[in-house]
Amino acid sequence: MESGPLQRPTWAEIDLDNLAANYHSVREFVGPGVECMAVIKADAYGHGSVECGLRLEREGVDWFAVATVEEGVELRDARITTPILVLGGFWPKQAGHGLNHDLVSAVFNMPQIEAIDRAAFKRGVVAPVHVKIDTGMGRLGFRSQDAAEIADKLAQFKNIRVEGIMTHFAAADDLNSDFTARQIERFEEVKQVFSAAGHQPKYADLANSPGAVAHPASRSNLVRIGGVLYGLGGDVLPKGIKAPELRPVMSVRSRIAMIKTITSGETVGYSRTFTAQNETVVATVPIGYHDGFRRARSNLGGVIVRGKYAPVIGRVSMDWITIDVTHIAGAQFGDLVTIIGRDQDSEIKAEDIAAELGTISYEVTCGFSERVPRIYIEKNKI
Ligand SMILES: *Cc1c(COP(=O)(O)O)cnc(C)c1O
């Protein structure tokens, strides 16, 4: 698979069959009675939210989650009909727009709740909302200590119905701490407070990927899974635990644009940060930091050519990288370059790049820009 003949040959392959396989693998792992909300915010972590959404919808996913109303509208415009939760909530002025597109807001502040109630009243509907509770993440959500007050206030709104209550884990990947257990306990108390106030939420959800996999007690009746769907378990799941089988979904590839031999003492790239110690064969590849090949990988990262690892030499620039292919016999113009993925016996995972950069794989896959066309692979299309 490759980008079109009129395009620069730098592309991301998105294997939708592997996405579907990961979804079924996780679904099986969390067991019956647990619905799955596929988190496809941020363009499905860079994988393409419309295409991933359409495939997961056909596979029977129960819910989608996005970060913003804009992301939700994009899915509705693509004729996705599965329920969609907006994790970042509606901003007050977006409330009518969100309801018109059948989006459900997570709620965590009063201006937003008042605006949704008003917009629902105008439309003659009762809007479902999912109440976000902060049990220890310290980011979004009403503080769990304030649950009784919030539950009472919410009960006063005639055009809002609490369909879900939810919380988010701060450290579900850390099995040495009991913080996740504390968050689960606090959430159980909040559930009771809400039911005492007369709410009957259909959903109570806590788990992200590490929660769903590593903390069975957090699965409740819905899990919100992102990273594992894209096969990005390596750095966000606790090590050494029983986990579902996951396959990588994104590969990123390019082709050699130019090849040259330089002699000892010559330098490569901006600021002359690489000096050849010997005769060196340098290949230039059309991917740079605007595409998502991070500049921090200058003289650090690498790619695969003809099944062999080729290190980046010199600075990563906006549109290009330079790599050392001295040891790769026959390397020539047009050769396939693998930035993420497998080529023969070598593989570079998003997790490997993340480790190099001191980040997580999510930031790596999210980081490939729109200049890198996504090519969708789907052999077992249903
Ligand atoms: C992004 C997000 C998730 C998904 O997290 P993963 O680690 O990718 O599974 C779940 N819940 C909330 C609130 C999120 O923001």
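Each remark here, short or long, concerns the structure printed above.
Residues numbered from 1 in each chain as written. Predicted model: local features only at pLDDT ≥ 70, side-chain atom pairs only at ≥ 80, totals over all residues. Heavy atoms only, no water.

Enquirer: Help me out: how do you make sense of unusual backbone geometry in this one?
Expert: Glycine aside, residues mostly have negative phi, and peptide bonds are mostly found in the trans state. One non-glycine residue, Arg79, lies in the positive phi region at around 70°. For Arg79, the location among the structural elements is in the loop between helix 4 (69-77) and strand 4 (84-86). One non-glycine residue, Ser271, adopts positive backbone phi at about 65°. The residue Ser271 is located in the loop between strand 13 (267-268) and strand 14 (274-275) in this model. For Ser271, a relative accessible area of 56% gives the class exposed. (Helix = DSSP H or I, 4+ residues; strand = E, 2+ residues; numbered from the N terminus. Buried < 20%, exposed > 50% of the residue type's maximum accessible area, 1.4 Å probe, protein only.)

Enquirer: Is there a simple way to explain the packing of helix 7 (residues 147-156) against helix 8 (residues 179-196) in this structure?
Expert: Between two packed helices, both the angle of their axes relative to each other and the distance between the axes serve to describe the pair. At their nearest, the axes of helix 7 and helix 8 sit 9 Å apart, and the two run at 35° to each other. As helix 7 runs across helix 8, the sense of the crossing is right-handed. Contacts between helix 7 and helix 8 involve Ala147, Ala148, Ile150, Ala151 and Leu154 on the former and, on the latter, Val190, Val193 and Phe194. Here the residues of the contact of helix 7 with helix 8 sort into eight nonpolar, no polar and no charged. (Axes fitted to C-alpha atoms, helices over the stretch in contact; angles between N-to-C directions. Left-handed = near helix turned anticlockwise from the far one by under 90°. Contact = heavy atoms within 4.5 Å. Nonpolar A, V, L, I, M, F, W, Y, C, P; charged D, E, K, R; others polar.)

Enquirer: How should the site of the ligand be read in this particular structure?
Expert: Taken together, 15 residues are adjacent to the ligand, and Lys41, Tyr45, Ser209, Gly227 and Tyr362 come closest. At a separation of 2.5 Å, an oxygen atom of the ligand approaches a polar side-chain atom of Tyr45. With respect to the ligand, the side chain of Arg224 contributes an N or O atom lying 2.9 Å from a nitrogen atom. The protein chains hide 92% of the 390 Å² of surface that the ligand would expose on its own. Those elements that provide at least two residues to the shell around the ligand are helix 2 (41-45), helix 9 (209-214) and strand 10 (222-225). (Near = heavy atom within 4 Å. Polar contact = N/O pair within 3.5 Å; in protein donor to acceptor, adjacent residues only side chain to side chain. Areas by Shrake-Rupley, 256 points an atom, 1.4 Å probe, with all protein chains shown as cover.)

Enquirer: So what exactly am I meant to see when it comes to a negative patch on the surface here?
Expert: A cluster of acidic residues, Asp43, Glu51, Glu74, Asp77 and Glu370, forms a negative patch at the surface. Residue position: Glu370 is located in the loop between helix 11 (361-366) and strand 21 (374-377). (Patch = residues over 30% accessible without salt bridge, like charges linked within 9 Å, V, L, I, M, F, W, Y side chains within 5 Å. Salt bridge = Lys/Arg side-chain N within 4 Å of Asp/Glu carboxyl O. Lys, Arg positive; Asp, Glu negative; His and termini not counted. Charge placed at Lys NZ, Arg CZ, Asp CG, Glu CD.)

Enquirer: Looking at this model, I keep getting lost on the environment of Ala119. Mind explaining?
Expert: Note that Ala119 resides in helix 6 (residues 110-123). The exposure class of Ala119 is buried, given its relative accessible area of 8%. Along the chain, Ala119 and Arg161 lie 42 residues apart, while their C-alpha atoms are 13 Å from each other. Not counting the four nearest positions on each side in its chain, Ala119 is found in contact with Ala95, Gly96 and Leu99.

Enquirer: Which parts of the structure should I look at to understand helix 4?
Expert: The α-helix advances 3.6 residues per turn, and as a result positions three or four apart in sequence lie on the same side. Along helix 4, the positions that sit buried rather than exposed are Val69, Glu71, Gly72, Val73, Leu75 and Arg76. On its buried face, helix 4 is in contact with helix 2, helix 3 (49-59), strand 3 (63-66), strand 4, helix 5 (95-100) and strand 5 (103-107).

Enquirer: Help me out: how do you make sense of the sheet that holds strand 12 (residues 258-262) in this one?
Expert: Strand-to-strand pairing in sheets goes through backbone hydrogen bonds, with the strands running parallel or antiparallel. Here three strands make up an open sheet; going across it, the order is 12-15-18 and the pairing antiparallel. A strand with exactly one partner marks an edge of an open sheet, and here the two such strands are strand 12 and strand 18 (321-324). Strand-to-strand twist in this sheet, taken as the mean axis angle between neighbours without regard to direction, amounts to 30°. By the bridge criterion, four bridges tie strand 15 (residues 280-285) to strand 18 in an arrangement that is antiparallel. (Pairing = 2+ DSSP bridges.)

Enquirer: What should I look at first to understand the packing of aromatic side chains in this one?
Expert: The relative placement of two aromatic rings is captured by the distance of their centres and the angle of their planes. Under the defined criterion, the tally for this structure stands at three aromatic pairs. Geometrically, the ring pair formed by Tyr45 and Tyr230 is tilted, given 4.8 Å between the ring centres and 35° between the ring planes. You can see Tyr45 sitting in helix 2 and its partner Tyr230 sitting in the loop between strand 10 and strand 11 (250-255), a full 185 residues away along the chain. A single burial state applies to Tyr45 and to Tyr230, both of which are buried. What links up through ring pairs into an aromatic cluster is the set Tyr45, Tyr230 and Tyr362. Across the ring face of Phe293, the terminal group of Arg297 is positioned such that the distance to the ring centre comes to 4.4 Å. (Phe/Tyr/Trp six-rings, centres within 6.5 Å; stacked < 30°, edge-to-face > 60°. Lys NZ or Arg CZ within 6 Å of the ring centre and 35° of its normal.)

Enquirer: Would you explain the packing of helix 1 (residues 16-30) against helix 3 in this entry?
Expert: Two elements in contact, helix 1 and helix 3, have axes separated by 10 Å at closest approach and are oriented at 50°. Between helix 1 and helix 3, the interaxial angle falls into the category oblique. Crossing hand, helix 1 versus helix 3: right-handed. The segment helix 1 lies against helix 3, with Leu16, Asp17, Leu19, Ala20, Tyr23 and His24 engaging Glu51, Cys52, Arg55, Leu56 and Glu59. (Parallel < 35°, antiparallel > 145°, perpendicular 65-115°, else oblique.)

Enquirer: Where do I start with the side chain of Glu351 in this structure?
Expert: Looking at where Glu351 falls in the secondary structure, it is placed in helix 10 (residues 350-357). Among the polar contacts listed, one links the side chain of Glu351 to the backbone nitrogen of Gly234, at a separation of 2.9 Å. Leaving out residues up to four positions away in the same chain, Glu351 has contacts with Gly231, Leu232, Gly233, Gly234, Asp235 and Ser361.

Enquirer: Please clarify how the pattern of salt bridges should be interpreted in this entry.
Expert: Opposite charge on two side chains makes pairing possible when the charged atoms of those side chains draw close. Scanning the entire structure with this criterion turns up 18 salt bridges. In this structure, Asp205 and Arg224 form a salt bridge, with 2.8 Å as the shortest nitrogen-oxygen distance. Separated by 19 residues along the polypeptide, Asp205 in strand 9 (residues 203-205) and Arg224 in strand 10 bring together distant segments of the chain. Each member of the pair, Asp205 as well as Arg224, carries the same accessibility label: buried. Glu356 serves as the salt-bridge partner of Arg297, at 2.7 Å between the closest nitrogen and oxygen. Here Arg297, found in the loop between strand 15 and strand 16 (302-305), pairs with Glu356, found in helix 10; they are 59 residues apart in sequence, far enough to count as distant. Its relative accessible area of 29% is what places Glu356 among the partly exposed residues. Several salt bridges share partner residues, and in doing so they unite Asp17, Arg55, Arg58, Glu59 and Glu378 into one network.

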